[in-house]
Structures are given as structure tokens and as C-alpha cells.
Amino acid sequence: MAQLMDGKAISEAVRKRIRQEIEALQEEQGITPGLAVVLVGEDSASEVYVKNKEKACEEVGISFELFRLSASITQQELEETICSLNEREDIDGILLQLPLPGKLDSDRVVSLIRPDKDVDAFHPENIGHIMRGDFFFLPCTPAGIMQMLRESGINPTGKRCVMVGRSDIVGKPMAMLLLHADATVTICHSKTENLAQICREADILVSAVGKAGFITSDMVCPGAVVIDVGMNRNAEGKLCGDVDFESVEPIASYITPVPGGVGPMTVAMLLQNTLVAAKRHGGITV
Ligand code: GUN
């Protein structure tokens, strides 16, 4: 039976520390970190994610401002919104909730966010820093996973890690963080041949595919650490990850549940990045 990696509990401890740091920042420097979230259109999943971010910000003392824009907004109007937020002194972090509806070009919009306010770490300049390992903004989901591994006493050094999924948000930066931690990393994707066999070789298996029940027990080496980034609905409409929890949990050494695993850690890392942005804007070394 696997040990559960409790993202909810670990993220609570992180949020507590952030709240204390923000209290001190307010008392000693008069600084209140500010986060602006730009939400375009009415995607139901995005609505939930943004609500969670708002609640988490309130809890730790980050000033949260939501910019709700119509799906019919033009590229230029959206870009102007970002540029105006770049100028605002009271806003330390800008998050453009993805995906964008219709034909809006998210890459172009993201590249307009000032890199020192890019708390998602999606700007090409920040991606470059992540590649080099000299980043100040953590890629939120991968950083949350690294924190969970640390808290569980799992050291990726020298371990075989398999990342299933090659997205810009999770797969690629996750592989980089594991590489920076001296793991041996394989990235798998929809065109990978012998996927099950490669997954079976993993000491640490991370899945970010977006398909319920994708990772089955025959793809997992007994004793492996299994990290589930998926956020899906099963046939009954219940929230679930990529991993077939019932069959994999008995053979894994550690496993993240969905919900309550990686998700809360991602939000905690966003708070951390917003705090870092505010400190840097206040001239405080981080
Ligand atoms: N949509 C799904 N996950 C994320 C995320 O981490 N950041 C943003 N901006 N949009 C998302």
C-alpha cells in the first residue's frame, strides 16, 4: 500500500509560512503584494481555478484583483489590458488564465507580461531562466511537485524519472526541475513507442496527460513514486486524475491523490511567486 502525498496538508504549511512573511512585510516595509488575474470568456474549469486562487490570496494577505473580460474581446484590447497592468505600481504579479477562447493568441499576450510580474513563469525570458536553472519565479506545478517530493523525503538524484506529457506548463518545466535535481529524465508523449515499458522503468513517474485512468498498474514498477497532475472527470462525473488509483495505489510506494494532491501545491507556489515579485519590486533581496 502506498503512502499518500497529502498536497492539501503540505500546501497549508507553505501558505502559513507565506502568510507570516506577508504580515512581516506589511509591518516592516508597508508592502502588500498584489496579484491581477485576467480571465477571458466563461470556461467553467477556469472559473474554479480562479476562485481557488482568489481564496488562497485572501487567506495569506495578497491583494487580489480579477479582470473579467468578454470572449469577444479583440487581441489588441487584451494586449492593452496587459500593458496597463504592467504599468500599475500596486500590482506585483499578472496571471493570464489559460486557455484563451477563440482565436486569441495566448503566446503573444504572455510575451507582453513584464517578466518581473510573470508569476506563472510562462514568459520566454523566464522559461530561459528555468532551462538554465537560475530562475526566481518557480514554474508553479513542477515546483509544487518538487516540494512534495522534498517533504516526503524523496530525493530524485540519480533516479530514473519518467514525465508523461510534454506541455509547456507542466511536462517541459517538470523535466527541467528533475534534471536540475540530477535525475535521469525521460519525456514521453502521444507519439512515444513502448510507453508502458518506459513507464515501468521509472522510479518516479509523473503523469500530466489529461485522460482519466490513463496510467494503469501494468505501467508502474512496484515501489515507484507516482505523481498525478491530471484533473479529469470519470464516467460518473467524479473528479479524478490520470492514474487508475485503485489498481496503482497498492503497488506504488508513494502516490498523490486527486483531488488534494498536486492541485493545492500549484496554488501555493503561485502565492510564493507573488510574494517574490513583491519583494523584488520593494528592493528586497530574495
Ligand atoms: N490553466 C490551467 N493551469 C493554469 C496555470 O497554471 N496558469 C494559468 N495561467 N492558466 C492555467
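Look up a bit, the structure's there.
Scope of this entry: the structure provided in the associated data block. Every value quoted in this text rests on a predicted model; they were computed, and no experiment measured them.

**Points about the pattern of salt bridges**
By the definition in use, this model includes 13 salt bridges. R108 is the partner of E79 in a salt bridge, and the nearest nitrogen-oxygen pair spans 3.1 Å. Here E79 is found in helix α3 (residues 75-87), whereas its partner R108 is found in helix α4 (residues 106-110), with 29 residues between them in sequence. Residue E79 is classed as buried on the basis of its relative accessible area of 11%. Look at R108 and you get partly exposed, because its relative accessible area is 47%. With its nearest N and O atoms 3.2 Å apart, the salt bridge here joins R160 to D203.

**Some thoughts on the site of the ligand**
Lining the immediate environment of the ligand, one finds L95, L96, Q97, L98, D120 and F122. Burial of the ligand by the protein amounts to 82% of the accessible area it has alone, namely 280 Å². Taken together, the residues of the shell around the ligand sort by class into 4 nonpolar, 1 polar and 1 charged.

**Structural notes on the sheet that holds strand β11 (residues 254-255)**
The parallel open sheet is built from 6 strands, whose spatial order is β1-β11-β8-β7-β5-β6. Of all the strands in the sheet, just β1 (3-4) and β6 (184-188) have a single pairing partner and so form its edges. Where strand β5 (residues 160-164) and strand β7 (residues 204-207) come together, 4 bridges link them in parallel fashion. Bridge pairing links V162 to L205 in β7.

**So, the pairing of strand β2 (residues 34-40)**
Regular strands show a simple pattern: their side chains alternate between the two faces of the sheet. Here β2 lies mainly inside the structure; 7 of its 7 residues are buried. The alternating pattern of β2 places G34, A36, V38 and V40 on one face and L35, V37 and L39 on the opposite face, and all of these are buried. In this sheet, strand β3 (residues 63-69) lies alongside β2 in parallel orientation, the contact comprising 7 bridges. Directly across from V40, in β3, lies its bridge partner L69. Read from β2 through helix α2 (residues 44-60) to β3, the crossover connection turns out right-handed. Bridge count between β2 and strand β4 (residues 93-96): 4 bridges; the pairing is parallel. When the sheet's bridge partners are listed, A36 is paired in β4 with I94.

**With respect to the packing of helix α6 (residues 140-151) against helix α10 (residues 262-281)**
At a minimum axis distance of 8 Å, the contact between α6 and α10 shows a crossing angle of 110°. Considering their axes alone, α6 and α10 lie roughly perpendicular with respect to each other. For the pair α6 and α10, the contacting residues are C140, T141, A143, G144, I145, Q147 and M148 in the first and V262, M265, T266, M269, L270 and N273 in the second. Taken together, the residues of the contact of α6 with α10 break down into 8 nonpolar, 5 polar and no charged.

**Some remarks on the sheet that holds β3**
Taken together, 3 strands build an open sheet; the order of strands is β3-β2-β4 and the sheet is parallel. The sheet is open, and its two edges are formed by β3 and β4, each paired on a single side. On average, adjacent strands in this sheet sit at an angle of 15° to one another, irrespective of strand direction. In this fold α2 packs onto β2, β3 and β4, with an angle of close to 160° to the strand it touches most, β3. Across the sheet, α3 lies against β2, β3 and β4, angled at about 175° from β2, the strand it touches most.

Reading guide: rules and limits
Residue numbers run consecutively from 1 along every chain, following the written order of its sequence. Side-chain atom pairs in this predicted model are given and counted only at pLDDT of 80 or more, local residue features only at pLDDT of at least 70, and totals for whole chains, interfaces and linings cover all residues. Excluding hydrogens and water, the side-chain values take into account all heavy atoms of the structure. Whenever Lys or Arg places a side-chain nitrogen within 4 Å of a carboxyl oxygen from Asp or Glu, that contact is recorded as a salt bridge. Strands here are runs of E lasting at least two residues and helices are runs of H or I lasting at least four, both read from the DSSP assignment and numbered beginning at the N terminus. When a residue's accessible area, from a 1.4 Å probe over protein chains only, is under 20% of the maximum for its type it is buried; when over 50% it is exposed; and in between it is partly exposed. A molecule or strand has a residue near it when one of that residue's heavy atoms lies within 4 Å. Residue exposure ignores everything except the shown protein chains as possible cover, and the areas themselves are Shrake-Rupley values with a 1.4 Å probe. We call Asp, Glu, Lys and Arg charged. Ala, Val, Leu, Ile, Met, Phe, Trp, Tyr, Cys and Pro are nonpolar, and the rest, Gly among them, are polar. For two strands to pair, DSSP has to find at least two bridges joining them. Handedness is read with the strands pointing away from the viewer; a crossover is right-handed when the path from the first strand over the helix to the second is clockwise. An axis is simply a line fitted to the C-alpha atoms; with a helix, the fit covers only the stretch in contact. Between two such axes, the angle follows the N-to-C directions and lies from 0 to 180 degrees. Throughout this description, any angle smaller than 35 degrees is read as roughly parallel, any larger than 145 degrees as roughly antiparallel, any in the 65 to 115 degree range as roughly perpendicular, and the remainder as oblique. Any pair of residues with heavy atoms lying within 4.5 Å of one another is described as a contacting pair.

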